Amino acid sequence: MPDENDRLWEIRYRHGLPPELKEMQARVEKVAASAGLDFFPVVFEMVDPEEMSMLAAYGGFPTRYPHWRFGMEFAQLHKSYTYGLSKIYEMVINTDPCYAYLMNCNAATDQKMVMAHVYGHCDFFKNNMWFSHTNRKMIDEMANHATRVRRLVDRFGAERVEEFIDCCLSVENLIDIHASAIRRQPRDDDDLVESLRQRAAEGEEVDLPDARHFKVEVDRSYMDSFINPAEDVLARREQALERSLELKKIPERPERDVLGFILENAPLHGWEQDVLSIIRDEAYYFAPQGQTKIMNEGWATFWHTRLMTEQLGTAAEIVDYADHHAGTVAMSPYKLNPYKLGLELFRDIEFRWDTGRHGRDWTECDDLKRRKDWFVDERGGMQKVYEVRKIYNDLQFVDAFLTEDFCREHGFFAYGYDRTSRQYVIESRQFAEIKEKLLSSLTNFGQPLIDVVDANFENRGELLLRHAHTGADLKMDWAETTLGNLVRLWKRPVHMTTMMNGRPLRVSHDGTGGSRTWLDRKKKSKPADEKAEEKTS
């Protein structure tokens, strides 16, 4: 990127908007707050198209660690803008205060609409629970990451550090995107089992633990036999003793956060741990944006349409606004538009909860005329959309509110690639198939679900992963390349169990090449020997 450091750092120290846009921001902010939006303070900066492309390549941040992929993304974005193929109107990042960037070549009407859109995003960032764990000072954190990596480059050389970053980025999606919402409780006897293990390791003879550990305290002694049955207490004591005598498995339960497990257990050098922790931290920061793309863009579009048509837009601006908005929500037969889907789902929720089209009576009504004329004056639409905005992510949002009536009204269909005609064709208009396909694409961002199940596979210190097969087979060349990069991190061979064409398969990589073993027979085959058709997960 040309003069990236100077150009992007300069953006951080600019002084905001020109006077006319400052007045516009004050009005938009006042109208957004009066409509009920709750947001962090918003700082707008004006940038030119080249700077906007740089910021977009960096994920909206003025500075990131040095890596070739940011330059490649910048070149793609800037050429796309130069040739008139795309245009970035705004960019906003999840921080406190929220920083947003406006293109200096946008018309005044566009700037007003974009500001209203940004305030919708800022409200969503602040109030949606899936963003609650994120670092609101990530601009400074990103700058610290950049400084740390540049110091490593000075110390170990650009090629060595960049090669390791390439390896880490290839597996940056192997995190547990739900980790922030899960609090795994230890078993009641975990501490006792660990103490028994330590006593056995020191040569002590270990017998059944004290029964009192497994009893619930009672106020009346006559109730003890009912609350703490002797056979139940004995069974739990024996189970605890058996667990203490077993070799401790690492991990004790399947671990979805593969990067975190490698960071804690792989024999990495200190600088490698530092780089991997940076990649993992940033992956967790960006994860909620991937989990809420439809909702976030839909919410921002829902509010910019409402604010522009009801309070902000003038009669002279309405045609320009409508033209820009139509481009934003335009649908493609080959690609889902999150702006359009999110907007229409929020509108549908508001309408349904205003008119009582929810609940048991509505669901069980099979009279088409009655459903068409259904009206119960509840006026709970806005309350419901705020509730949805707060607690849902895209997967839950679509699962809960994408209805058969909605799909029929908007002409939804499922499509697939026809190898015979070499074209994408409509596969189904059945609601169940449409919804299943959409939910599948939203589960874990449409990427494979991978768990660590054994860090000492076959007692050789090798890593065993498990692919949770959900209907689509893995693309094997990608899987083997990923395993090869995991070998670079784990320092020993890595294996993964999966299903291929309905058969159990173990894919392995030892750092020099991959191999596959069918688990329903004892024959090993090289990747080139397998000609079976593969579906991509």
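Residues numbered from 1 in each chain as written. Predicted model: local features only at pLDDT ≥ 70, side-chain atom pairs only at ≥ 80, totals over all residues. Heavy atoms only, no water.

1. What to know about the overall build of the protein
Looking only at helices and strands, the protein has 22 helices and 11 strands in total. The buried share of the protein, reckoned over its 537 residues, is 45%. In the protein, the proportion of contacts linking residues at least 24 apart, taken out of those at least 6 apart, comes to 70%. Within the structure as shown, the protein displays about 28,700 Å² of accessible surface, and the carbon and sulfur contribution to it stands at 49%. (Helix = DSSP H or I, 4+ residues; strand = E, 2+ residues; numbered from the N terminus. Buried < 20%, exposed > 50% of the residue type's maximum accessible area, 1.4 Å probe, protein only. Contact = heavy atoms within 4.5 Å. Areas by Shrake-Rupley, 256 points an atom, 1.4 Å probe, with all protein chains shown as cover.)

2. Some thoughts on the pairing of strand 9 (residues 503-509)
For strand 9, the tally of buried residues reaches 5 of 7 residues, placing the bulk of the element in the interior. Two successive antiparallel strands, strand 8 (residues 494-500) and strand 9, enclose a turn made up of 2 residues, where N501 displays a positive phi of approximately 55°. Relative to strand 10 (residues 514-518), strand 9 runs antiparallel, the two sharing 5 bridges. Bridge pairing in strand 10 links H509 to G514. Counting the residues between successive antiparallel strands, the hairpin from strand 9 to strand 10 contains 4 residues, one of them, G511, with a positive phi of roughly 100°. (Pairing = 2+ DSSP bridges.)

3. Observations concerning the pattern of salt bridges
Under the criterion given, the structure shown has 27 salt bridges. For the salt bridge of R371 with D405, the shortest nitrogen-to-oxygen distance reads 2.7 Å. Placement of the pair is R371 in helix 17 (residues 368-372) and D405 in helix 20 (residues 404-410), with a sequence separation of 34 residues. When its relative accessible area of 16% is taken as the criterion, R371 is described as buried. Judged by its relative accessible area of 33%, D405 is partly exposed. Linked by salt bridges that have partners in common, R371, E404, D405 and R408 make up one network. (Salt bridge = Lys/Arg side-chain N within 4 Å of Asp/Glu carboxyl O.)

4. Details of the sheet that holds strand 1 (residues 42-47)
Spatially, the 3 strands line up as an open sheet ordered 1-3-2, and their pairing is mixed. Because the sheet does not close on itself, it has two edges, and the strands there are strand 1 and strand 2 (90-93). Averaged over all neighbouring strand pairs, the angle between strand axes comes to 20°, with direction disregarded. Looking at chain direction, strand 2 and strand 3 (residues 98-103) are connected through 4 bridges and run antiparallel. Opposite I93, over in strand 3, you have Y99 as the bridge partner. Of the strands in this sheet, strand 1, strand 2 and strand 3 are in contact with helix 3 (residues 49-57), which crosses strand 3 at around 140°. (Axes fitted to C-alpha atoms, helices over the stretch in contact; angles between N-to-C directions.)

5. Describing the confidence of the model for the protein
For the protein, per-residue confidence averages 85 on the pLDDT scale, and residues scoring 70 or more make up 83% of the total. A low-confidence stretch, residues 527-537 stays under pLDDT 50, and its non-local contacts, those more than four residues away or across chains, total 28 contacts. (pLDDT = per-residue confidence, 0-100.)

6. Examining empty space enclosed by the protein
To find the voids left in a structure, one rolls a probe of water-molecule size over its atoms. Summed over all chains, the structure comprises 3 cavities of 30 Å³ or more. As a volume, the largest cavity reaches approximately 50 Å³. Surrounding the largest cavity, P49, M52, S53, L77, Y81, S86, K87, I88 and M103 form its lining. Mapped onto the lining of the largest cavity, the elements with two or more residues apiece are helix 3 and helix 4 (68-82). At 3 residues, helix 3 tops the list of elements feeding residues into the lining of the largest cavity. In this structure, the second largest cavity occupies an estimated 40 Å³ of space. Every residue along the wall of the second largest cavity is listed here: N173, L174, I175, R256, N444, P448, L449 and I450. Among the residues making up the lining of the second largest cavity, the classes are represented as 5 nonpolar, 2 polar and 1 charged. (1 Å grid on protein atoms, 1.4 Å probe; cavity = no way out; pocket = protein on both sides within 12 Å on 5 of 7 lines; lining within 4 Å. Points joined across faces, edges and corners; volume = space filled by probe spheres on them. Nonpolar A, V, L, I, M, F, W, Y, C, P; charged D, E, K, R; others polar.)

7. A look at helix 7 (residues 158-169)
The end-to-end C-alpha distance of helix 7, which contains 12 residues, comes to 16 Å, matching closely the 16 Å that a straight helix rising 1.5 Å per residue would cover. For helix 7, the complete set of buried residues consists of V161, F164, I165, C167, C168 and L169. Buried residues along helix 7 sit in contact with helix 4, helix 6 (138-156), helix 12 (270-291) and helix 22 (476-490). (Expected span 1.5 Å × (residues − 1).)

8. Things to note about the environment of A400
In this fold, A400 is placed in helix 19 (residues 394-401). What makes A400 partly exposed here is its relative accessible area of 39%. In the structure, A400 is positioned 12 residues away from V388 in sequence and 10.0 Å away in space, judged by C-alpha atoms.

9. Details of helix 6
Along its 19 residues, helix 6 runs 26 Å from first to last C-alpha, staying within 8% of the 27 Å computed at 1.5 Å per residue. If you check which residues of helix 6 are buried, you get M138, I139, M142, A143, H145, A146, V149 and L152. Positive phi appears at G157, one or two residues downstream of helix 6, with a value of about 100°.

10. Considering the nonpolar core
Counting 58 residues, the largest nonpolar core has F44 and F397 as its most contacted members. Ranked by residues supplied to this core, first place goes to helix 5 (residues 108-127) with 9 residues. Per-domain counts for this core show at least three residues from each of domain 1 (4-128 + 292-312) and domain 2 (333-442). Sequence-distant contacts of F397, that is, excluding residues within four places in its chain, are made with I294, M295, G342, L345, F346, I349, V388, Y392 and L402. (Core = buried A, V, L, I, M, F, W, Y, C linked by side-chain atoms within 4.5 Å. Domains from an automatic or database assignment.)

11. A word on a nonpolar patch on the surface
On the surface, Y334, Y417 and Y424 cluster together into a nonpolar patch covering about 390 Å² of accessible area. Note on placement: Y417 falls in strand 4 (residues 414-418). (Patch = residues over 30% accessible without salt bridge, like charges linked within 9 Å, V, L, I, M, F, W, Y side chains within 5 Å.)

12. Looking at unusual backbone geometry
Between D96 and P97 the backbone carries a cis peptide bond, its omega angle lying at 5°. Tracing the chain through its elements places P97 in the loop between strand 2 and strand 3. Its identity as a non-glycine residue notwithstanding, R379 has a phi of 55°, on the positive side. Judged by relative accessible area, which is 68%, R379 ranks as exposed. In this structure, N459 takes a positive phi of about 60° despite not being glycine. By the secondary structure assignment, N459 is in the loop between strand 6 (450-457) and strand 7 (462-467). Residue N459 is classed as exposed on the basis of its relative accessible area of 65%.

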